[in-house]
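# A closer look at the structure
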Amino acid sequence: MTLDAVLSRIDDTLPEATDRLMDLLRIASISTDPAYNGDCAQAAAWLVQELKSLGFSASARPTPGHPMVVGRHAGEGRHILFYGHYDVQPVDPIELWERDPFDPVIQQGPKGPLIRARGASDDKGQLMTFLEACRAWKDVHGELPGNLTIFFEGEEESGSPSLIPFLQENREELSADLALICDTGLFSDHIPAIVTMLRGLAKVEFTIRAASKDLHSGMFGGVAINPIRVLTRILGGLHDDQGRVQVPDFYDDVAELPDAVAAQWQALGFDHASFLGGVDLTTPAGEVDRTPLEQIWSRPTAEINGIWGGYTGAGFKTVLPSQASAKVSFRLVSGQDPDKILPAFKAWIEAQLPPDCELIWSEPEGSPASTMSITDPAFDAARAALSDEWERPAAFVGCGGSIPIAGYFKEYLGMDAMLIGFGRDDDQIHSPNEKYDLESFHKGIRSWARILDRLSQQ
Ligand SMILES: [Zn+2]
């Protein structure tokens, strides 16, 4: 069996693979700080060399920011694009690191050996799992697996300013049949996951203005409308006592979870008590008829993120303020359109304004949710491959946050994505002392080999 040969090759060459990852981790590719521009270019060049050594045709493409790395191997079968990012977060506060963030080391951790360095998990360790799977595959088969494009970004940690123009300008080259994105984690220590639902986000800041200036409550109190009272009354009614958002038509485009996915989520045995207990909470606060996982992954939310007005300084001022403001955001799911939700929210507020109050609406912004079409047989193939490797059933899961790249691939390249990663909750990505378990690295490489093997048979 050639798959077994590839897996053995991965096991036998793990020390060399780890050394290559360490080399990449020594490059301080902090994308947000111009002082490290040279390091970002160096990381891109390092990856180009790596790709070339594997037999890809590869180059670092200049952008107004950091270079994009593109590698290509034209072969048989479906065209798969693999995405990762080579830039890393800043290291501050540096004094909380136990050692130099760019001097990687293997240490013994509570769950076995781990690699400690900035980027070990996010995302250098993760992107190298795929390249190392390609390397072992090539060592055994004599050629790379299938029809592959590799796409590494260097601005993911700094807002991806060059990404959309780059996707637009290189649409033809980068449009594959399916994208693999390796920048997520396991569901728990040993349960692998494929993220198939990512929530979107809509947000707005607004002000309710009444009198032409702040008033004295001794003189005007009782007769003049107080905009804080208006604002809090309206926002106080944003949810009913079942946790449902009260903006009209808010749930119109929300799809119900497919039964098969609901069953998988049930089987995950999510422990909401310990999830909430970690932040000293006890009771889920979302829609009462939804499970906690649904509340996080597949149901939309409305949150008041900030609220202000009047006098909040030291002491007391009996001011009757002329205006009150709030920031409100919505996590969106499935078919919800931010361009419908935000105007509906605005109309809902306006309909409740008393005389003399005016709504000032500013900076509405939104991006829709992404839901992958899991009917593509690649999803079941990847799930089976992950289940083989981890010896636990892999799950299709949601993700409460946003991973914009998946949405961009869909919007600009018309391509669905499978988000598969091997990070763990305690990897401390973006924080001091980031680590990647050697087990994540090793089994991540093996997982990709198994996935590539199954995909190559489709
Ligand atoms: Zn990342």
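Here we summarise the structure given alongside this text.

Reading the values: the criteria
- Residues numbered from 1 in each chain as written.
- Predicted model: local features only at pLDDT ≥ 70, side-chain atom pairs only at ≥ 80, totals over all residues.
- Heavy atoms only, no water.
- Donors = N, O, S within 2.8 Å, 3.2 Å for Na, K, Ca; no water.
- Tetrahedral: all angles 85-135°; square planar, octahedral: opposite > 155°, others 65-115°.
- Helix = DSSP H or I, 4+ residues; strand = E, 2+ residues; numbered from the N terminus.
- Buried < 20%, exposed > 50% of the residue type's maximum accessible area, 1.4 Å probe, protein only.
- Pairing = 2+ DSSP bridges.
- Core = buried A, V, L, I, M, F, W, Y, C linked by side-chain atoms within 4.5 Å.
- Phe/Tyr/Trp six-rings, centres within 6.5 Å; stacked < 30°, edge-to-face > 60°.
- Lys NZ or Arg CZ within 6 Å of the ring centre and 35° of its normal.

### Observations concerning the coordination of the zinc ion
Each protein donor to the zinc ion is listed here as H85 (NE2), D122 (OD), D183 (OD) and D183 (OD); together their distances run 1.9 to 2.5 Å. Of note is the zinc ion, whose four donor atoms meet at the metal with angles of 53 to 144 degrees in an arrangement that counts as irregular. Of note, the zinc ion draws all its donor residues from one chain, in the sequence arrangement H-x36-D-x60-D. Placement of H85 in strand β3 (residues 79-85) and of D122 in the loop between β5 (112-116) and α4 (124-141) is noted, with a sequence separation of 37 residues between them. Overall, the relative accessible area of 0% leaves H85 in the buried class.

### Examining the pairing of strand β16 (residues 395-399)
Judged by how many residues are buried, β16 sits mostly within the fold: five of five residues are covered. On β16, burial covers both faces: A395, V397 and C399 on one face and F396 and G398 on the other are all buried. Across five bridges, strand β8 (residues 193-198) lies against β16 in parallel orientation. Counterpart to M197 in the pairing with β16 is G398.

### Comments concerning the nonpolar core
Across soluble globular proteins, nonpolar side chains have a tendency to be buried as a group. F151, F152, F409 and W448 are the most contacted members of the largest nonpolar core, which has 103 residues in total. Counting residues in each nonpolar core, the second largest holds 31 residues, with A202, L235, V245 and V247 among its members.

### Describing the packing of aromatic side chains
Counting across every chain of the model gives 22 aromatic pairs. Seen in terms of ring centroids, F130 and W448 are 5.3 Å apart; in terms of plane orientation they differ by 80 degrees. Their pairing is edge-to-face. A residue pair is termed long-range when its members are at least 10 positions apart, and F130 in helix α4 and W448 in helix α15 (residues 438-456) qualify at 318 residues. Each member of the pair, F130 as well as W448, carries the same accessibility label: buried. Among the aromatic residues, those joined into a cluster by ring pairs are F206, F250, Y251, F330, F345, W348 and W361. Here the guanidinium or amino end of R383 rests over the ring plane of F396, the centre of that ring lying 4.9 Å away. Stacked on the ring of W390, the Lys or Arg K443 has its end atom at 5.0 Å from the ring centre.

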